Amino acid sequence: MRQTANHTTRFAPSPTGWLHLGHALAAISAYEAAGGGNFLLRIEDLDRGRCRLEFEAGIVEDLTWLGLQWQQPVLRQSERSEAHRAALATLDKAGLIYSCFCTRQEIVREIERAGEAPHRSGEVVYPGTCRTLSRSECEMRKARGDPFALRLDSRKAAAMTGALSFEELGQGPDGENGDVPVEPGVLGDIVLARKGLPAAYHLAVVVDDAFQDVSLVTRGNDLFASAHVQRMLQAALGLPAPLYAHHRLILDADGSKLSKRDRSSTLRNIRQQGIDAAEIRRRIGL
Ligand code: GLU
């Protein structure tokens, strides 16, 4: 990564499992990128069904063991609902949100029917089925109690914000670096909120990065496509644009991304084998 001045950076894990070697690289990268600035820990605990206090305690334990220190207090996204709701209301007022009643199965079927290729990130991109639902149809389905999600209309958002770009100091999965033009539709019309989830990942991240004055977002390049969407949300919400530095991923022996389910690479497990933090740095190529 290109050397930068003092920055505010953050490590933002979700407490849905034990941290593994990939998280160690993400956390140390964020810590080092702060230089003499501020390093923050943010707990991304919006998915209440999957988050556990035990995992949150594990995050603190593992990071302390790695020798990292962060500014207090630690921010929990679950405590930020009011700000998330306000941002959602701003997007709604600007006419950038629509209600989507599709189930995951319906989305997959629609993609197959249209013969569309899956996105290169491997993620399912919503084909926009409900974008053109009439107001009366929407109201009828809501009155009937059909579950729905609120989605960002990425075309309208792009029309409103005009052409955008973000500054990448690290490297995306295809070597992207420097001034990267935003592709508004790269992840399609993303979900902003749904029942039981007052703010989904992208919305909460941009609101909280701005709230915490994060000036440099560092994270694995599996989240590179997110920067496109997040830059667009920042512009639509009038929030400042941080710099980005995406980094390589740590892969397992078969070349796949590490998962929280894989016990052998958890920091906790490695620690219990008597391996020290210096050895972890060596294993992740630092
Ligand atoms: N909470 C996300 C994760 O655990 C990271 C969010 C981000 O760095 O933007 O993958």
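Right above here is the structure, for reference.
Heads up: these notes are all about the structure in this document. In this text the structure is predicted, and so the values were computed from the model without any measurement. (Residues numbered from 1 in each chain as written. Predicted model: local features only at pLDDT ≥ 70, side-chain atom pairs only at ≥ 80, totals over all residues. Heavy atoms only, no water.)

1. Some points on the packing of helix H3 (residues 81–93) against helix H8 (residues 224–237)
In step 1: Remark: H3 packs on H8, axes separated minimally by 10 Å, with the N-to-C direction vectors making an angle of 80 degrees. Accordingly, the angle class assigned to the pair H3 and H8 is roughly perpendicular. Residue-level inspection shows Ala87, Thr90 and Leu91 of H3 in contact with H8, the latter providing Leu233, Ala236 and Leu237.
In step 2: Split by residue class, the contact of H3 with H8 holds five nonpolar, one polar and no charged. (Axes fitted to C-alpha atoms, helices over the stretch in contact; angles between N-to-C directions. Helix = DSSP H or I, 4+ residues; strand = E, 2+ residues; numbered from the N terminus. Parallel < 35°, antiparallel > 145°, perpendicular 65-115°, else oblique. Contact = heavy atoms within 4.5 Å. Nonpolar A, V, L, I, M, F, W, Y, C, P; charged D, E, K, R; others polar.)

2. A closer look at the site of the ligand
In step 1: Around the ligand sit Arg10, Ala12, Pro13, Ser14, Glu44, Tyr201, Arg219 and Leu223, and those are all the residues in its vicinity.
In step 2: The side chain of Tyr201 places a nitrogen or oxygen atom 2.8 Å from an oxygen atom of the ligand.
In step 3: Within the side chain of Arg219, a nitrogen or oxygen atom sits 2.9 Å from an oxygen atom of the ligand.
In step 4: In isolation the ligand exposes 300 Å². Once the protein is present, 78% of that is buried.
In step 5: Each residue belonging to the shell around the ligand can be placed in one class, and the counts come to four nonpolar, one polar and three charged. (Near = heavy atom within 4 Å. Polar contact = N/O pair within 3.5 Å; in protein donor to acceptor, adjacent residues only side chain to side chain. Areas by Shrake-Rupley, 256 points an atom, 1.4 Å probe, with all protein chains shown as cover.)

3. Notes on the nonpolar core
In step 1: Judged by nonpolar contacts, the single largest core of 39 residues is most densely connected at Leu91, Leu152, Leu192, Leu203 and Leu233.
In step 2: Counting residues per element, this core draws most heavily on H8, at eight residues.
In step 3: In this structure Leu91 touches Leu96, Ile97, Leu192, Leu203, Leu233, Ala236 and Leu237, once residues within four positions along its chain are discounted.
In step 4: Ala24, Ile59, Leu267 and Ile270 belong to the second-largest nonpolar core, a separate cluster that totals 26 residues. (Core = buried A, V, L, I, M, F, W, Y, C linked by side-chain atoms within 4.5 Å. Buried < 20%, exposed > 50% of the residue type's maximum accessible area, 1.4 Å probe, protein only.)

4. Some words on the sheet that holds strand S5 (residues 149–152)
In step 1: The sheet built from three strands is open, its strands ordered S4-S5-S8 with antiparallel pairing. Each of the sheet's edge strands pairs with one partner strand only, and the pair in question is strand S4 (97–100) and strand S8 (191–194). Shown here is a sheet whose adjacent strand axes are inclined to one another by a mean of 30 degrees, direction ignored.
In step 2: Relative to S8, S5 runs antiparallel, the two being bridged by three bridges. Each residue of the ladder has a partner; that of Ala149, found in S8, is Arg194. (Pairing = 2+ DSSP bridges.)

5. Here's the deal with helix H1 (residues 21–33)
In step 1: With 13 residues, H1 extends 18 Å from end C-alpha to end C-alpha; this agrees with the ideal 18 Å at 1.5 Å per step.
In step 2: Of all the 13 residues making up H1, eleven are buried; the element is thus mostly covered by neighbouring parts of the structure.
In step 3: Those residues of H1 that sit buried are Leu21, Gly22, His23, Ala24, Leu25, Ala26, Ala27, Ile28, Ser29, Ala30 and Ala33.
In step 4: Where H1 terminates, the next one or two residues include Gly35, which has phi positive at roughly 55 degrees. (Expected span 1.5 Å × (residues − 1).)

6. Focus: the sheet that holds strand S1 (residues 8–11)
In step 1: Strands sit in the order S1-S2-S3 across an open sheet of three strands; the sheet is parallel. Pairing within the sheet leaves two strands with one partner each, and these edge strands are S1 and strand S3 (75–76).
In step 2: Note that strand S2 (residues 38–43) and S3 share two bridges and pair parallel. Paired with Arg42 across the strands is Leu75, a residue of S3.
In step 3: Against the sheet, helix H7 (residues 201–211) touches S1, S2 and S3, its axis set at about 145 degrees to S2.

7. What about the pattern of salt bridges?
In step 1: Under the criterion given, the structure shown has 19 salt bridges.
In step 2: The residue Glu61 makes a salt bridge to Arg271 at a minimum N-O spacing of 3.0 Å. Taken together, the positions of Glu61 in helix H2 (residues 53–65) and Arg271 in helix H9 (residues 267–272) put the pair 210 residues apart, joining distant regions of the chain.
In step 3: Overall, the relative accessible area of 42% leaves Glu61 in the partly exposed class.
In step 4: Judged by relative accessible area, which is 19%, Arg271 ranks as buried.
In step 5: Here Asp146 makes a salt bridge to Arg141, at a shortest N to O gap of 3.0 Å. Arg141 carries the same exposure label as Asp146, and that label is buried.
In step 6: Residues joined by salt bridges that share partners form a network here, namely Arg10, Arg42, Glu44 and Asp209. (Salt bridge = Lys/Arg side-chain N within 4 Å of Asp/Glu carboxyl O.)

8. Overview of the packing of H3 against H7
In step 1: For the pair H3 and H7, interaxial distance at closest approach is 10 Å and the crossing angle is 110 degrees. Classified by the angle their axes make, H3 and H7 are roughly perpendicular. Judged by residue contacts, Ala83, His84, Ala87, Leu88 and Leu91 of H3 engage Leu203, Ala204, Val207 and Asp208 from H7.
In step 2: The residue inventory of the contact of H3 with H7, partitioned by class, reads seven nonpolar, one polar and one charged.

9. Here's the deal with unusual backbone geometry
In step 1: Omega for the peptide link from Gln72 to Pro73 comes to -5 degrees, which places this bond in the cis form.
In step 2: Mapped onto the fold, Pro73 is located in the loop between H2 and S3.

Taken by themselves, the reported measurements are silent on function.
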